[in-house]
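Listed below, chain by chain, are the residues.
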Amino acid sequence: MAEDLQATVAARLRRTGQRYTLNRRALVDILAASGRPVSIPEILVSRHRLAQSSAYRNLTVLEQARVVRRVEGGDEFARYELAEDLTGHHHHLVCSSCGAVQDFTAPTRLERTVDRVMADVAASTGFTSKAHSLRLVGLCRSCA
Ligand SMILES: [Zn+2]
Ligand SMILES: [Zn+2]
């Protein structure tokens, strides 16, 4: 993985008083390589020697350090991905049948529309939004 990403992750952990341990590095590597949000069971398949409790604990530490973001899936399992400012702005397609979550980069046209809608919401409610994320629920290609 890119050295600057590793340095950023290490710095964020340091700021919360945490070390960038080998297990945490392994988790960051898996998330960086996956290209979509992954569940703890999926993480354990790719990393046999990692205990479930340790994976959960370390993901929580990484989440608190703003390295990792938790994404709700279409089933009982939460998914995890690298924080959006590390990977780029995107949205999620959630399968309500198998639970899988796919990343989805919206066309500029859609992003502009969302920005306009958010400005309207701010004007009518006084609520200023700083970020947005779209979650489209439906059936993935293999479940459709
Ligand atoms: Zn599916
Ligand atoms: Zn967007």
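Anyway, here's the lowdown on the structure attached to this text. Model, not experiment: these values are computed from the prediction.

Calculation criteria
- Residues numbered from 1 in each chain as written.
- Chains lettered and ligands numbered in written order.
- Predicted model: local features only at pLDDT ≥ 70, side-chain atom pairs only at ≥ 80, totals over all residues.
- Heavy atoms only, no water.
- Pairing = 2+ DSSP bridges.
- Helix = DSSP H or I, 4+ residues; strand = E, 2+ residues; numbered from the N terminus.
- Axes fitted to C-alpha atoms, helices over the stretch in contact; angles between N-to-C directions.
- Donors = N, O, S within 2.8 Å, 3.2 Å for Na, K, Ca; no water.
- Tetrahedral: all angles 85-135°; square planar, octahedral: opposite > 155°, others 65-115°.
- Buried < 20%, exposed > 50% of the residue type's maximum accessible area, 1.4 Å probe, protein only.
- Polar contact = N/O pair within 3.5 Å; in protein donor to acceptor, adjacent residues only side chain to side chain.
- Contact = heavy atoms within 4.5 Å.

Overview of the sheet that holds strand E6 (residues 135-138)
Then step 1. Strand order in the open sheet made by the three strands is E5-E4-E6, with mixed pairing throughout. The open sheet terminates on both sides in strands that have one partner only, identified here as strand E5 (101-104) and E6. Strand after strand, the sheet turns through a mean of 25 degrees between neighbouring axes, direction not considered.
Then step 2. Pairing of strand E4 (residues 91-95) with E5 involves four bridges; the strand directions are antiparallel. In the sheet register, Val94 faces E5, and the bridge partner there is Val101.

A closer look at the coordination of the zinc ion (ligand 1)
Then step 1. Taken together, Cys95 (SG), Cys98 (SG), Cys140 (SG) and Cys143 (SG) make up the full set of protein donors to the zinc ion (ligand 1), lying 2.2 to 2.5 Å away.
Then step 2. Metal-centred angles of 101 to 123 degrees between the four donor atoms at the zinc ion (ligand 1) mark the site as tetrahedral.
Then step 3. Motif for the zinc ion (ligand 1), donor spacing along one chain: C-x2-C-x41-C-x2-C. Taken together, the residues Cys98 in the loop between E4 and E5 and Cys140 in the segment after E6 connect sequence positions 42 residues apart.
Then step 4. Residue classification places Cys140 among the buried positions, given a relative accessible area of 14%.

Observations concerning the side chain of His132
Then step 1. Residue position: His132 is located in the loop between helix H6 (108-125) and E6.
Then step 2. A distance of 3.1 Å separates the side chain of His132 from the side chain of His89, its partner in a polar contact.
Then step 3. A distance of 3.0 Å separates the side chain of His132 from the side chain of Glu111, its partner in a polar contact.
Then step 4. Sequence-distant contacts of His132, defined by excluding residues within four places in its chain, comprise His89, His91, Glu111, Val114, Asp115 and Met118.

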